[in-house]
Amino acid sequence: MSNLLTGIGASAGIAIAKAFRLENPDLTVEKKQAEDIKAELENFNQALKTSKQELEVIKEKTREQMGDEHAEIFSAHLLVLSDPELVDTIRNKVREENVTASFALKEVSDQFIAMFEAMDNEYMKERAADIRDVSKRVLAHILGTPIVSLAEIDEEVVIVAEDLTPSDTAQLNKQFVKGFVTDIGGRTSHSAIMARSLEIPSVVGTKTITDEGKNGITVIVDGLEGKVILNPSEEEIQEYKQKQADYEEQKREWAKLVNEKTLTKDGQHVELAANIGTPDDLEGVKNNGAEGIGLYRTEFLYMGRNELPTEDEQYDAYKKVLEQMDGKPVVIRTLDIGGDKELPYLDLPKELNPFLGFRAIRLCLERDDIFRTQLRALLRASSYGNLKIMFPMIATLDEFRQAKQMLEEEKQVLIDKGITVSDSIEIGIMVEIPSTAVMAAQFAKEVDFFSIGTNDLIQYTMAADRMNEQVSYLYQPYNPAILRLVKMVIEASHKEGKWTGMCGEMAGDSVAIPLLLGLGLDEFSMSATSVLPARSQLAAITKEDAEAAALEAIEMNTAEEVKNFVEKKFL
Amino acid sequence: MAERNFTITAETGIHARPATQLVNKASQFESEITLEHKGKAVNLKSIMGVMSLGVGQGAEVTIKAEGSDEEEAIKGIEEVIKEGLGE
């Protein structure tokens, strides 16, 4: 009987093939006295040599398949293997303590791993993973335990593993590896990023695939929806083969649109932008032909570390994004932390209602040391591209004025120091609190643009916590109440000659797109992979039809009615 | 023994690629080469040693080389540093 697992779709596409389990070899090492020190040292040297040769091959292969930047990581691995502090310490340990090379290697590399993991710098922490990956390879050679080599796979498979290391991922041969599924990991884990750049369908974070995915059983990987089917029925296989063919066909159609402008059937232009979390996402932005960045979530700079990022670190990241977008608009949202996103090192008190609490701009106005550092980094980077700054969670005009005032003050400080700051930075706000949507006409006189954050706007309008499964039926993007708020915001901005974008999930939703076009939305910002489908959809709709449909939809009674109406008319 | 002081001006300090370049350069020489910062000295041929020092922007560092090619070593390292790390 077939068995369905769900996880996170890390790389889009469908794969159907036999499972190939990537087992972690048993590399447990016990403390043992060496019987022959000379032989131990010889064994260690040989293992080092073989590992280096393997890494050279992997590095070259990576360079060919993925380019210099991805290959760089293996240069670092090779340097670790040549590091006298590591290698000599291991040799000395074998000699002086009379222990086996495998034990000495384990002890010494664990010390280094612990040291790097304890550092409060993200870059250094990643080095711990490098050392782990490299020492595992050498240890396997010392022990004579063969590492399952992905390079040797010669039939079509879906890889099943707890997780994939960088060197595992780099060895994936696209000809045979059709997809992979892991227990752990998220959309931004290293293996997920590599999978996207290799375009191998994958689902990560299934928690239990290694318990259930036996070698040789048939597996369907649906990277589009984050589903994995084990032992599918014949009908399921046929269904997914069709889905796979449709997706491939569609991808070919979409690919033709990469360099096209986004135009409706009657030639109206709207802007399709992408949401990003880190500069690493820029590759996807380019490959999918986004016309700008509609939301750069800066929180990722602050997360997964033990201290605030410095002004220079932030400046580097912002500058990189602005430069690479080459004059296209880049909307950077200032720190949106609190709610479901915590920063342990800020030591914020636990709240009963975190979504209604001390978060985003509320926190930034109070902790203006943090906020001003970010503003300075943004201002310094502004001369490298087309920067627009956006404040999150604005509830009152006064909050906007205070934030803007701080921005102006920091700008003056920088100018006085002789630092170049762009004088055409637009300053806008997220509209995600109903009070702000209702007061849009007043806000529109002072802001340069609006960007509607639908995930929060919906949860606040419907008073339904989006983390609470039991009220998830109230998460209704097509509810006429939401559509009316969106309409109010867009109209208010246009009246003052300003523009409105949308950067929530809704902007890339195929049911919402015709309605948003009809309501006059100027910019749609979505995950990069949704850009081409949206462009293709918009090309088939006239603005006139969309306007008529939107007017009808806002007069409807329920979300369900709206959905059925749009699906019948446009999909 | 040959010795020289530098000030690191690169914004990221001695991290990532610059660290790799320094270690690669140092490894080309016979001499023992150390990098000193805030009273701590590490082997400049060790990538992990160099990175563990956490040398940031504005740091004063001392490079010492001792051995048959110590002068050339210092010169070679000076070139790498001046190419983008500091002065």
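Residues numbered from 1 in each chain as written. Chains lettered and ligands numbered in written order. Predicted model: local features only at pLDDT ≥ 70, side-chain atom pairs only at ≥ 80, totals over all residues. Heavy atoms only, no water.

> I would appreciate a short explanation of the pairing of strand S13 (residues 426-431) of chain A in the present structure.
The side chains of a regular strand alternate, first on one face of the sheet and then on the other. All names here are of chain A. In terms of burial, S13 is largely enclosed, as 5 of its 6 residues are buried. Pairing analysis gives 4 bridges linking strand S12 (residues 386-391) to S13, with the strands arranged parallel. Within S13, the position partnered with lysine 388 by the bridge is glutamate 426. Taking the sense of rotation as the criterion, the β-α-β connection linking S12, helix H15 (residues 397-416) and S13 turns out right-handed. Relative to strand S14 (residues 449-452), S13 runs parallel, the two sharing 4 bridges. Bridge pairing links glycine 428 to phenylalanine 449 in S14. (Buried < 20%, exposed > 50% of the residue type's maximum accessible area, 1.4 Å probe, protein only. Helix = DSSP H or I, 4+ residues; strand = E, 2+ residues; numbered from the N terminus. Pairing = 2+ DSSP bridges. Right-handed = clockwise from strand over helix to strand, strands pointing away.)

> Teacher, can you tell me more about the pairing of strand S16 (residues 523-527) of chain A here?
Residues and elements named next belong to chain A. By the criterion of burial, S16 is predominantly enclosed, with 4 of the 5 residues buried. In terms of strand pairing, strand S9 (residues 271-276) meets S16 through 5 bridges, oriented parallel. Pairing of alanine 273 across the sheet is with serine 525, part of S16. Handedness of the crossover is the feature at issue here: the chain leaves strand S15 (residues 499-502), passes through helix H20 (residues 512-519), returns alongside S16, and the resulting connection is right-handed.

> Help me understand the nonpolar core, please; the structure alone is not making it clear to me.
As a rule of thumb, nonpolar side chains are buried together in soluble globular proteins. Ranked by internal contacts, the top residues of the largest apolar core, which has 103 residues, are Ile293, Tyr296, Tyr318, Ile361, Phe391, Phe450 and Phe524 of chain A. Leave out the neighbours within four places in its chain, and tyrosine 318 of chain A touches Tyr296, Thr298, Leu301, Ile332, Gln374, Ala377, Leu378 and Ala381 of chain A. Core analysis: the second largest hydrophobic core is formed by 65 residues, Leu27 and Leu41 of chain A together with Ile33 and Ile81 of chain B among them. (Core = buried A, V, L, I, M, F, W, Y, C linked by side-chain atoms within 4.5 Å. Contact = heavy atoms within 4.5 Å.)

> Help me out: how do you make sense of the state of the cysteines in this one?
Joining two cysteines, a disulfide is a covalent bond between their sulfur atoms. Residue and element names in this part refer to chain A. Enumeration over the complete set of coordinates arrives at 0 disulfides over all chains. Among the cysteines around cysteine 364, which has no disulfide bond, cysteine 503 carries the closest sulfur, lying 16 Å off. We classify cysteine 503 as buried; its relative accessible area is 5%. (Disulfide = S-S within 2.5 Å.)

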